[in-house]
Amino acid sequence: MPVLTRLIPSPLVVDIRPGALDDLACVLADERISHSGRLAVAVSGGSGAKLRERISPSMPGATWYEVGGGTLDDAVRLAGDIKAGHFDAVVGLGGGKIIDCAKFAAARVGLPLVAVPTNLAHDGLCSPVATLDNDAGRGSYGVPNPIAVVIDLDVIRDAPARFVRAGIGDAISNINAVADWELANRVKGEKIDGLAAAMARQAGEAVLRHPGGIGDNDFLQVLAEALVLTGIAMSISGDSRPASGSCHEINHAFDLLFPKRAASHGEQCGLGAAFAMWLRGAHEESAYMAEVLRRHGLPVLPDEIGFTTDEFVKAVEFAPETRPGRYTILEHLDLNPEQIKDTYTDYVKAIGS
């Protein structure tokens, strides 16, 4: 009987612990990612520059590149600069914009990418996607998974708390995204990758059920692991389906309709997930999700991020247009504005103000 199996695209190294950054060069050498130490390190002018002072003595063979922002032009420029050198790997050290630029640049020049995030704002730190601003707005570009992910929990602790909160919202929204995927399977026959769905759902549940808070290393460890697992789940499925459903459609609607007022990605996804769970009739789950989000300091009502009820209704109505072809509870119910408003009123009564 043949044993059937498949290869799972995932990082060779996942190192999540306090002090991990100080061992970066040793980890890369031990895992044969870079014995020579010839690394192209992309950093921002802010937190990345400060960390450069800390770790550059342990990485004498590295060449440092300061990245101005998170645009496609920035990423192409970085790729051009790196191409002129002879490197073993590209290291993205910083927030999401820097890592996405480094992802794109590494893919463009054919080098492996080492992701060293300085915050946990979203699941892009290990995903096969680089999100970059371009002339048309914002685009998503397919890239290989990072070959290594190194997360120093001491560095994460020093980042502004709002970044950790955003990551919590993004991770917890997996639960709603997988529920949408299962709905599409039942109604439309869309194929589900069971392993990807299981990984994404359990990542979200681990964060949702953890009793700790953003000041606890144990909780930060679970959150970091959840975001890494979510990125791997997207690689397994070949798209963002395990982590992006109606919650993300609502998030995209906020971004497109109110670009100068939108909150963070994770805040909007968390709020969107809690409301979408209510829409699908999972009222107890919705209320518990809202309770946990609130405990971590995340919004569960639109007025908590500066939007009126009518603006929220408009965003929910518009949300399906942000991802044509994706079937979620929003497409399934196809509610008109009055129905959305009535359901939202019930949601507010249930979770409290």
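Residues numbered from 1 in each chain as written. Predicted model: local features only at pLDDT ≥ 70, side-chain atom pairs only at ≥ 80, totals over all residues. Heavy atoms only, no water.

The name given to the chain in an unreviewed UniProt entry is Iron-containing alcohol dehydrogenase family protein, and the organism recorded there is Streptomyces indiaensis.

J.: I'd like a description of the sheet that holds strand β8 (residues 148-152), backed by residues and values.
T.: The six strands are arranged β1-β8-β5-β4-β2-β3 in an open sheet whose pairing can be described as parallel. Because the sheet does not close on itself, it has two edges, and the strands there are β1 (13-17) and β3 (63-66). Put simply, the sheet's adjacent strands are angled 15° from each other on average, direction ignored. As paired elements, β1 and β8 share five bridges and run parallel to each other. Bridging across to β8, Val14 finds its partner in Val149. Across the sheet, helix α2 (residues 47-55) touches β2 (39-43), β3, β4 (89-94) and β8, and the angle it forms with β4 is around 120°. Sheet strands in contact with helix α3 (residues 72-83) are β2, β3 and β4, and its direction is about 160° off that of β3. (Pairing = 2+ DSSP bridges. Helix = DSSP H or I, 4+ residues; strand = E, 2+ residues; numbered from the N terminus. Axes fitted to C-alpha atoms, helices over the stretch in contact; angles between N-to-C directions. Contact = heavy atoms within 4.5 Å.)

J.: Explain the environment of Ala287 to me, using residue names and the numbers behind them.
T.: In this fold, Ala287 is placed in helix α11 (residues 283-295). The partly exposed category is assigned to Ala287, whose relative accessible area is 29%. (Buried < 20%, exposed > 50% of the residue type's maximum accessible area, 1.4 Å probe, protein only.)

J.: Kindly report on the pairing of strand β5 (residues 113-117), identifying the contributing residues and their values.
T.: Across the five residues of β5, five count as buried, placing the element largely inside the fold. Side chains of β5 alternate between two faces, with Leu113, Ala115 and Pro117 and Val114 and Val116 buried alike. Note: β4 against β5, five bridges, orientation parallel. Each residue of the ladder has a partner; that of Gly94, found in β5, is Pro117. Taking the sense of rotation as the criterion, the β-α-β connection linking β4, helix α4 (residues 96-109) and β5 turns out right-handed. Bridge count for β5 against β8 is two bridges, and the pairing is parallel. Each residue of the ladder has a partner; that of Val114, found in β8, is Ala148. (Right-handed = clockwise from strand over helix to strand, strands pointing away.)

J.: Can you lay out the packing of helix α9 (residues 246-257) against helix α12 (residues 309-318) for me, pointing to particular residues and giving the numbers?
T.: Running from N to C, α9 and α12 cross one another at 115°; their axes reach a closest spacing of 8 Å. By the angle between their axes, α9 is roughly perpendicular relative to α12. Crossing hand, α9 versus α12: right-handed. Along its contact with α9, which presents Ile250, Ala253, Phe254, Leu256 and Leu257, the element α12 presents Phe312, Lys314, Ala315, Val316 and Phe318. For the contact of α9 with α12, the class distribution of residues is nine nonpolar, no polar and one charged. (Parallel < 35°, antiparallel > 145°, perpendicular 65-115°, else oblique. Left-handed = near helix turned anticlockwise from the far one by under 90°. Nonpolar A, V, L, I, M, F, W, Y, C, P; charged D, E, K, R; others polar.)

J.: Can you tell me about the pattern of salt bridges, naming the residues and giving the values?
T.: By the definition in use, this model includes 13 salt bridges. Two residues, Lys103 and Asp100, come together in a salt bridge whose shortest N-O distance is 3.6 Å. Here Lys103 pairs with Asp100, and both are found in helix α4, just three residues apart, close to one helical turn. For Asp100, a relative accessible area of 7% corresponds to the buried category. Of the charged contacts in the structure, one is a salt bridge between Glu311 and Arg261, with a shortest N-O distance of 2.8 Å. With Glu311 in helix α12 and Arg261 in the loop between α9 and α10 (265-279), the pair connects residues that are 50 residues apart, well separated along the chain. (Salt bridge = Lys/Arg side-chain N within 4 Å of Asp/Glu carboxyl O.)

J.: Could you give an account of the nonpolar core, naming the residues involved and the relevant values?
T.: In this structure, Ile151, Val207, Leu223, Met289 and Tyr347 are the most contacted members of the largest nonpolar core, which totals 93 residues. Each residue touching Tyr347, except ones within four places of it in the same chain, is listed here: Leu271, Ala274, Phe275, Trp278, Ser286, Ala290, Val300 and Leu301. Membership of the second largest hydrophobic core comes to 23 residues, among which are Val13, Ile33, Ala62 and Leu93. (Core = buried A, V, L, I, M, F, W, Y, C linked by side-chain atoms within 4.5 Å.)

J.: Break down the packing of aromatic side chains for me, citing the residues and quoting the values.
T.: Applying the stated criterion across every chain yields a total of 11 aromatic pairs. Judged by centre distance (5.1 Å) and plane angle (75°), the ring pair of Phe275 and Phe312 falls under edge-to-face. Separated by 37 residues along the polypeptide, Phe275 in helix α10 and Phe312 in helix α12 bring together distant segments of the chain. Judged on exposure class, the residue Phe275 and its partner Phe312 are both buried. Taken together, Phe254, Phe258, Phe275, Trp278, Phe307, Phe312, Tyr344 and Tyr347 form an aromatic cluster joined through their ring pairs. Seen from the ring of Phe163, Arg162 lies directly overhead, with NZ or CZ sitting 4.6 Å from the centre. (Phe/Tyr/Trp six-rings, centres within 6.5 Å; stacked < 30°, edge-to-face > 60°. Lys NZ or Arg CZ within 6 Å of the ring centre and 35° of its normal.)

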